[in-house]
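Single-letter residue listing:
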Amino acid sequence: MIYLDNAATTKICEKAVKAMEPYLKEEYGNPSGIYSIGRKTREQVEKVRWIIAKSLNCKPENIFFTSGGTESDNWVLDNGAYLGNHIITSKIEHHAILNKCKQLENEGIKVTYVDVDKNGFVDMEQIKTDYKDGFENPVRTSLVSIMLANNEIGTIEPIRNIAMVAHRKGVLFHTDAVQAFGHIPIDVNYLGVDMLSASSHKFNGPKGVGFLYVRNPKEMMPLIYGGGQEKGKRGGTENVAGIIGMGAAVEDSMRNMSARYNKEKNLRDYMVKRILGEIPNVSLNGHHTNRLPGNASFTFDGINGTSLVVIMDEEGVCISAGSACAASAEKPSHVISALGIPKEKAYGTIRITIGHENTRKEIDYTVEKLKAGVKELRAKSWKLSWKIM
Ligand code: PLP
C-alpha cells in the first residue's frame, strides 16, 4: 500500500509507540495521586507540556491538553461566544470551526465568514473592516479565527498580519494550526496569536490527543468542569499515554522538521510537475509555493474525484477526494467552491498529501496509475455523453 493521505492522519512514529508503552502497562498511576507512581506520571505529563511550550516559544502554563483539534477549536469558539456575540472566521475553515459556528448562530451569535481569493488567501479588507464594536448596536466582535494552513489545498495564511489587525481592533485571535504544527516552524510570539489548536495524529503522534495554546488563560472559560485538572479549565483524568506519545512525536518532528520539509516539498514539486505536464486539462488548487510542503490538490476536468479515489485504492494507493471528514459528502468541497471553481468542475478534485516516509518510486507509481485512471474515467464519461446525445 502507498499511503498519500497524510493530511487525514499520519502513521504513528516508533518513538511515540515506545514512549507510550510503559504508560499503557505498568506506569498506570493517576497523575493527581500524591504517591510515587502518580508523581511519576505527573512528571512525564508536565514534561510534555514543557516540550510543546518550547516548540512554540511560550511557557508551559499556556498549554492545555485536549482530545485533539476539534475539541480545541470548539473550546475557543465557545469562549468567543462567552466574551461577545460576533465571531469572524473564513469560508475555508475545517468543519471543526464551521459546524461549531453554525451551532453558535442557532444560539444567536453572529458569524462573519470571510471570502478567499482563487489561491485560498483570506480577504484582508474584510478582515480589517467587519468588526462590530458594540457602540452603535449591541453586536460586539470578540474573536477572529483563521486557520494557519488549509487542510485541503495547503495554502498558508498571513497569520501575523491578521493577528495584528485583530489586536488593533482589541479582538482576540485564534488560529487552527492542526495541519501546520509539526510541519512548519511556529512561534506564537512572532505570529502574535492568542490561541492555537493542534492535533497529535497529524504529526505522527497518537490519535485522540492534542492541545490548545492560550496566551492569557485567565481570559479562558473552562471547557469541562470536573476534578480541577488542567488548572480547572478541562476536568477529567489526563490521557497520560496519549500525551506522552504526543510529546515524543513533537520532539521527533521538531528535530527532523527541516529535513522532512525539504524531502516532502521536493517530492511534491516533482509530482506536481509530472501531473501538470503529463495529464491534460488539470489544475493545481491553492497557491503554488506558499503552501504546506506535502500538499497537492488537483482538479481534473471531466471526471469525478471520488471515482478516481476508488480506482487508485484498487491499485493500492490511498488518496482523498477532499478532506477526510467531507469525503463521503455529496456536495463539492466548501473549500474548492470558495476558490471560485464551478460546481461541475469541483467534483473532479483530489488531494494527495505526501509524508516524510514516502519515496520517489511511490510517486512515480502513483502518477502512472493516475494517468491511467483519469484516462479511463474520461473515456467512460465521453461514451456516456455520446449515448445521451
Ligand atoms: N482542523 C483542521 C484544519 C483539520 O485538518 C482537522 C482534521 O482533519 C481538525 C481541525 C480536527 O482535528 P482532530 O481530528 O484532531 O479532531
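For the structure itself, consult the block above.
To start, this report covers the structure provided alongside it.

1. Comments concerning the sheet that holds strand β8 (residues 210-214)
Stage number 1. Overall, mixed pairing links the seven strands, which are arranged β2-β8-β7-β6-β5-β3-β4 in an open sheet. Where the open sheet ends on each side, the last strands, each with one partner, are β2 (63-66) and β4 (110-114). Averaged over all adjacent pairs, the angle separating strand axes in this sheet is 20 degrees, with direction ignored.
Stage number 2. Both strand β7 (residues 195-199) and β8 contribute to a ladder of five bridges, which runs antiparallel. Across the sheet, the residue bridging to A198 is F211, located in β8.
Stage number 3. Contacting β3 (86-90), β4, β5 (141-145) and β6 (172-176), helix α4 (residues 95-106) runs over the sheet at an angle of about 150 degrees to β4.
Stage number 4. The strands that helix α6 (residues 159-168) touches are β5 and β6; relative to β6, the one it contacts most, it runs at about 155 degrees.

2. Focus: the pattern of salt bridges
Stage number 1. Evaluated as defined, the whole model comprises 25 salt bridges.
Stage number 2. K25 is the salt-bridge partner of E21, the closest N and O atoms lying 2.9 Å from each other.
Stage number 3. We note a salt bridge from R49 to E46, for which the minimum N-O separation is 2.8 Å. Here R49 and its partner E46 are both found in helix α2 (residues 36-56), three residues apart, which amounts to about one turn of the helix.
Stage number 4. Assessed through its relative accessible area of 9%, R49 is described here as buried.
Stage number 5. Using a relative accessible area of 30% as the deciding quantity, one classes E46 as partly exposed.
Stage number 6. Put simply, R42, E46, R49, E230 and E238 are held in one network by salt bridges that share partners.

3. Structural notes on the pairing of β3
Every regular strand shows the same layout, with side chains that alternate between the two sheet faces.
Stage number 1. When you tally the buried positions in β3, you get five out of five residues, the bulk of the element.
Stage number 2. Of the two faces of β3, both are covered, the one formed by H86, I88 and S90 as well as the one formed by I87 and T89.
Stage number 3. With five bridges connecting them, β3 and β4 associate as parallel partners. Bridge pairing links I88 to T112 in β4.
Stage number 4. At this point the chain moves from β3, through α4, to the parallel β4, and the crossover so formed is right-handed.
Stage number 5. In this sheet, β5 lies alongside β3 in parallel orientation, the contact comprising three bridges. The residue bridging I87 from the neighbouring strand is L143, located in β5.

Calculation notes
Residues numbered from 1 in each chain as written. Predicted model: local features only at pLDDT ≥ 70, side-chain atom pairs only at ≥ 80, totals over all residues. Heavy atoms only, no water. Pairing = 2+ DSSP bridges. Helix = DSSP H or I, 4+ residues; strand = E, 2+ residues; numbered from the N terminus. Axes fitted to C-alpha atoms, helices over the stretch in contact; angles between N-to-C directions. Contact = heavy atoms within 4.5 Å. Salt bridge = Lys/Arg side-chain N within 4 Å of Asp/Glu carboxyl O. Buried < 20%, exposed > 50% of the residue type's maximum accessible area, 1.4 Å probe, protein only. Right-handed = clockwise from strand over helix to strand, strands pointing away.

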